Amino acid sequence: MTVPVFRDAQHLKEVMAALAERARFSDAARGLRDAQLVVAFVYRNPDLTVVMDGRTPTTDGSHMTVRFDSLEPPPDVTFESPADVGHTFWQGKLNVPMALARGQVKARGAIARALKLLPLLPPLYQMYREVLVARGEGDLLS
């Protein structure tokens, strides 16, 4: 039996909040805003919902807002997976089309629109790694 990456939902939320803070002004967030997309990541084991909202205007000039455990506004696309699969994704090590085909990730909604943003994500993968290292959790990187 493998040990989960995240101790609990609070640990996952802290990591995702730190990533969101770094990503708010990124090209990926700008792409989300330009596409007027709201994307939800629903993680299990531990359970946490992360909504990246490119539709709601921000007051600080950033390109997206992030909310936890709320599906408001309703997402255009939802990706559901175990949190450990999400961890692999945010490291840039998940073949998303293959994961969808294998059922590791379940998606519903505007999937094609969301997949068009994949080329914008590599800087976020680096930010995710930086977040873990800054938190003293570089050992979680594979």
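Remember, predicted model here, so these are calculated numbers, not experimental data. (Residues numbered from 1 in each chain as written. Predicted model: local features only at pLDDT ≥ 70, side-chain atom pairs only at ≥ 80, totals over all residues. Heavy atoms only, no water.)

**Some details on helix 6 (residues 122-134)**
And step 1. An ideal rise of 1.5 Å per residue puts 18 Å on 13 residues; helix 6 measures up with 19 Å between its terminal C-alpha atoms.
And step 2. Among all positions of helix 6, only Leu124, Tyr125, Met127, Tyr128, Val131 and Leu132 are buried. Taken around the axis of helix 6, the buried residues stretch over an arc of 160°, which confines them to a single face. Exposed residues lying more than 90 degrees from the buried face of helix 6 are Val133 and Ala134.
And step 3. Looking at the buried side of helix 6, the elements it contacts are helix 1 (9-23), helix 2 (27-35) and helix 3 (83-90).
And step 4. Following helix 6 by one or two positions, Gly136 adopts a phi angle in the positive range, close to 75°. (Helix = DSSP H or I, 4+ residues; strand = E, 2+ residues; numbered from the N terminus. Expected span 1.5 Å × (residues − 1). Buried < 20%, exposed > 50% of the residue type's maximum accessible area, 1.4 Å probe, protein only. Arc of directions from axis to C-beta. Contact = heavy atoms within 4.5 Å.)

**Describing the packing of aromatic side chains**
And step 1. Summed over all chains, the structure comprises six aromatic pairs.
And step 2. Summarising the aromatic geometry, the rings of Phe41 and Phe89 are spaced 6.1 Å apart at their centres and angled 35° between planes, so their arrangement reads as tilted. With Phe41 in strand 1 (residues 38-44) and Phe89 in helix 3, the pair connects residues that are 48 residues apart, well separated along the chain.
And step 3. Exposure remark for Phe41: the relative accessible area of 10% places this residue in the buried category. (Phe/Tyr/Trp six-rings, centres within 6.5 Å; stacked < 30°, edge-to-face > 60°.)

**Things to note about the environment of Leu100**
And step 1. Tracing the backbone shows Leu100 in helix 4 (residues 96-102).
And step 2. Taking the C-alpha atoms as reference points, Leu100 and Ser81, 19 residues apart in sequence, are found 9.8 Å from one another.
And step 3. Dropping the residues within four chain positions of it, Leu100 is found in contact with Val105, Ala107 and Leu115.

**A closer look at the side chain of Thr49**
And step 1. Assignment of secondary structure puts Thr49 in strand 2 (residues 48-53).
And step 2. For Thr49, a relative accessible area of 14% gives the class buried.
And step 3. Discounting chain neighbours no more than four positions away, the residues touching Thr49 are Phe41, Val42, Arg67, Phe68, Asp69, Ser70 and Leu71.

**Quick look at the packing of helix 1 against helix 6**
And step 1. Their axes nearest at 9 Å, the elements helix 1 and helix 6 cross at an angle of 130°. Of the possible angle classes, the one that applies to helix 1 and helix 6 is oblique. In the packing of helix 1 onto helix 6, the handedness of the crossing is right-handed. Facing Val15, Met16, Ala18, Leu19, Arg22 and Ala23 of helix 1, the residues of helix 6 in contact are Leu124, Met127, Tyr128, Glu130, Val131, Leu132 and Ala134. (Axes fitted to C-alpha atoms, helices over the stretch in contact; angles between N-to-C directions. Parallel < 35°, antiparallel > 145°, perpendicular 65-115°, else oblique. Left-handed = near helix turned anticlockwise from the far one by under 90°.)

**A short note on the sheet that holds strand 3 (residues 65-68)**
And step 1. Within the open sheet, the five strands sit side by side as 3-2-1-4-5. Their pairing is mixed. Edge positions in the open sheet fall to strand 3 and strand 5 (106-109), since each of these has one partner strand only. Ignoring strand direction, the axes of neighbouring strands in this sheet form an average angle of 15°.
And step 2. Pairing of strand 4 (residues 77-82) with strand 5 involves four bridges; the strand directions are antiparallel. (Pairing = 2+ DSSP bridges.)

**Examining the side chain of Glu137**
And step 1. By the element assignment, Glu137 lies in the segment after helix 6.
And step 2. Residue classification places Glu137 among the buried positions, given a relative accessible area of 10%.

**A short note on helix 3**
And step 1. Of all eight residues that make up helix 3, six are buried, and the element is covered over most of its length.
And step 2. Every buried residue belonging to helix 3 is among Ala83, Val85, Gly86, His87, Phe89 and Trp90, and all of these are buried.
And step 3. At its buried positions, helix 3 is contacted by helix 1, strand 1, strand 2, strand 4, helix 4 and helix 6.

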